[in-house]
Amino acid sequence: MKKNAIQPLFLLYLWRKVVIMVAFTFNFFIMKIWLDGKLVDQSEATVSVFDHGVLYGDGVFEGIRFYSGKVFRLEEHIVRLFDSMRYLDIHCPWSFEEVCNATKETVAANGMEDGYIRLVVTRGTGDLGLNPRNCPKPSMFIIVQNIALYPAEMYENGLSMITSTFRRPNPDILCPQVKSLNYLNGISAKMEAVAQGAGEALMLNQRGNVAECTGDNIFIVRNGVVMTPPLTEGALGGITRHAVFDICAELGITCIEKVMNRFDVLSADECFLTGTAAEVIAATSLDGRKIGSGVAGPVTGRILARFRTLVRE
Ligand code: PMP
C-alpha cells in the first residue's frame, strides 16, 4: 500500500476509537437488553406494572463484572442466584446453563470490553395481591453497562465509613444471604452515609456485631491476619469476599472468619471492603476516627494488586 493511502486509514481508525470511547463514556450506545429469552433494544425492554418485582420487591438479582470481555466468576454468581431463587421458591424457567449463556450473550451483544452486568429475576406478572401463586411465570432481564463506583483516587486513599443506625435484619425477618430485590434496609443505611459525607455505612446486626456494609463485605487486618465476619452474622456470601479468601491463600496471608464488633474495626491496623462494583477498596476511617494509620494499608494493597491481575486471567 502507498504511504499516502495509510494516513487516511490511520485517521479513520483513530476517529473510530474516539467515537467508541465517547459513546461508552456517555452511554450513547443503544444497549441490547436480554429480556425473557430475547435480546431487545433498550427502548423495548419494559416490565409490567403488575410484576411483583415492581409491586413488592419480589425477586432476586446479581451484580456481575466482566473484564476484557470475560465474565468474572460467572458460575459462582449464578449458583448464588439459583440459591436465592430456591429460598424464595421462584421457579426459574431457564436452566443454570441457559442463564450463564444468556449472560455471556448479552455481554457479547453490547461489544464492551469491561463493564457491569445486572441480572434480575422477578416473580413475574400477577394481580395486586401478595400471593406469589398468582404469578405463573417469572421474568428475567439482563443489562450491561459501564460502571465506576468510586473515583480512582479513593482506591489509593481509601474511603470513610459511618456506623449506620439501621441494623441488618435477622434471617427470620429478611434473610441477608438472599440477594433479593428488597434493598431498603441497605438503602436507608446508605442514605445516612451520604448525608454525613461518608463513602459507606457499617451495618451491625441485631446483636451489635459487625455484619457488613450496605453493598459490600468488610474485612479487617490485625497483626497481618485478615478477618471477616462469618455469614451467620448477617452478611451476603460475596463473590469478591470469596475471591479474597483465594488471594490470601495464594499469597500466604492468614484469613479467618471472626465475629467482630465496632471495637475490632476501630482498633484494627487496616480495613477494606469488597464487592463486585467496589472491587477491593480500603476503608480508612469510621465515624470520623482513623482506622490504623488512616491510609490504605500494605496488606490491603497486596490483595488489591492481586485482585486486579486475577480478574483478567
Ligand atoms: N453485601 C451486600 C449486601 C451486597 O449487596 C453485595 C453485592 N453488592 C455484597 C455484599 C458483595 O457481594 P459480591 O462480592 O458478590 O458483589
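Please refer to the structure placed before this passage.
Residues numbered from 1 in each chain as written. Predicted model: local features only at pLDDT ≥ 70, side-chain atom pairs only at ≥ 80, totals over all residues. Heavy atoms only, no water.

A few words on the packing of helix α7 (residues 239-251) against helix α9 (residues 298-310). Running from amino to carboxyl end, α7 crosses α9 at an angle of 110 degrees, the nearest separation of the two axes being 10 Å. By the angle between their axes, α7 is roughly perpendicular relative to α9. Across the interface between the two elements, T240, A243, V244, I247, C248, E250 and L251 of α7 pack against R302, I303, R306, F307 and L310 of α9. Taken together, the residues of the contact of α7 with α9 sort by class into eight nonpolar, one polar and three charged. (Axes fitted to C-alpha atoms, helices over the stretch in contact; angles between N-to-C directions. Helix = DSSP H or I, 4+ residues; strand = E, 2+ residues; numbered from the N terminus. Parallel < 35°, antiparallel > 145°, perpendicular 65-115°, else oblique. Contact = heavy atoms within 4.5 Å. Nonpolar A, V, L, I, M, F, W, Y, C, P; charged D, E, K, R; others polar.)

As a further point, take the site of the ligand. What surrounds the ligand is a group of 16 residues, the closest being Y183, E212, I239, T240 and T276. Between the ligand and the protein, one listed contact pairs an oxygen atom with a side-chain N or O atom of Y183 at 2.4 Å. Within the contact set of the ligand, a nitrogen atom lies 2.5 Å away from a side-chain nitrogen or oxygen of E212. When the free accessible area of the ligand is taken as 390 Å², the share hidden by the protein chains comes to 93%. Those elements giving two or more residues to the shell around the ligand turn out to be α7 and β13 (270-275). In the shell around the ligand, the residues fall into three nonpolar, eight polar and five charged. (Near = heavy atom within 4 Å. Polar contact = N/O pair within 3.5 Å; in protein donor to acceptor, adjacent residues only side chain to side chain. Areas by Shrake-Rupley, 256 points an atom, 1.4 Å probe, with all protein chains shown as cover.)

This paragraph deals with helix α6 (residues 184-195). Between the first and last C-alpha of α6 there are 16 Å, a value that for 12 residues agrees with the 16 Å anticipated at 1.5 Å per step. Inspection of α6 places N185, G186, A189, E192 and A193 among the buried residues, and these make up the whole buried set. Considered in projection along α6, the buried side chains sweep an arc of 120 degrees and stay on one side of the axis. α6 presents L184, M191, V194 and A195 as exposed residues on the side facing more than 90 degrees away from its buried surface. Taken together, the buried residues of α6 touch β7 (159-163) and β8 (200-204). Just past α6, the residue G197 takes up positive phi, approximately 70 degrees. (Expected span 1.5 Å × (residues − 1). Buried < 20%, exposed > 50% of the residue type's maximum accessible area, 1.4 Å probe, protein only. Arc of directions from axis to C-beta.)

Once that is clear, we can look at the side chain of S164. Inspection of the secondary structure assignment puts S164 in the loop between β7 and α6. For S164, a relative accessible area of 5% corresponds to the buried category. For S164, the side chain forms a polar contact with the main-chain nitrogen of F166, separated by 2.9 Å. The contacts of S164, once residues within four sequence positions are left out, are A189, E192, A201, L202 and M203.

It is worth spelling out the pattern of salt bridges at this point. For the structure shown, the criterion picks out 17 salt bridges. Notably, a salt bridge pairs R241 with E257, separated by 2.6 Å at the nearest N-O pair. Of the two residues, R241 sits in helix α7 while E257 sits in strand β12 (residues 255-257), which places them 16 residues apart along the sequence. Classification of R241 by relative accessible area gives buried; the value is 5%. The exposure class of E257 is partly exposed, given its relative accessible area of 44%. Where salt bridges share partners, they join R73, E76 and D246 into one cluster. (Salt bridge = Lys/Arg side-chain N within 4 Å of Asp/Glu carboxyl O.)

Attention shifts here to the sheet that holds strand β3 (residues 59-67). What the six strands build is an open sheet, ordered β2-β1-β6-β5-β3-β4; its pairing is antiparallel. Pairing within the sheet leaves two strands with one partner each, and these edge strands are β2 (38-41) and β4 (70-71). Relative to β2, strand β1 (residues 32-35) runs antiparallel, the two being bridged by four bridges. Among the inter-strand pairings, W34 is bridged to a residue of β2, identified as L39. Running at roughly 175 degrees to β3, helix α3 (residues 74-88) makes contact with β3, β4 and β5 (115-122) of the sheet. (Pairing = 2+ DSSP bridges.)

Our focus in this paragraph is the packing of aromatic side chains. By convention here, two paired aromatic rings are described through the distance between centres and the angle between planes. Scanning all chains against the criterion turns up seven aromatic pairs. Note on F82 and F96: the rings are 5.9 Å apart at their centroids and 50 degrees apart in plane angle, and the pair reads as tilted. In this pair, F82 is assigned in helix α3 and F96 in helix α4 (residues 96-110), connecting sequence segments 14 residues apart. Take F82: its relative accessible area is 16%, and that puts it in the buried class. Ring centres of F219 and F245 lie 6.2 Å apart, and the angle between their planes is 75 degrees; on these two criteria the pair is classed as edge-to-face. Of this pair, F219 sits in strand β10 (residues 217-222) while F245 sits in helix α7, and the two are 26 residues apart along the sequence. For F219, a relative accessible area of 0% translates into the label buried. Using a relative accessible area of 22% as the deciding quantity, one classes F245 as partly exposed. One aromatic cluster is present, built from ring pairs that chain together Y67, F72 and F307. (Phe/Tyr/Trp six-rings, centres within 6.5 Å; stacked < 30°, edge-to-face > 60°.)

Read these as geometric descriptors, not functional statements.
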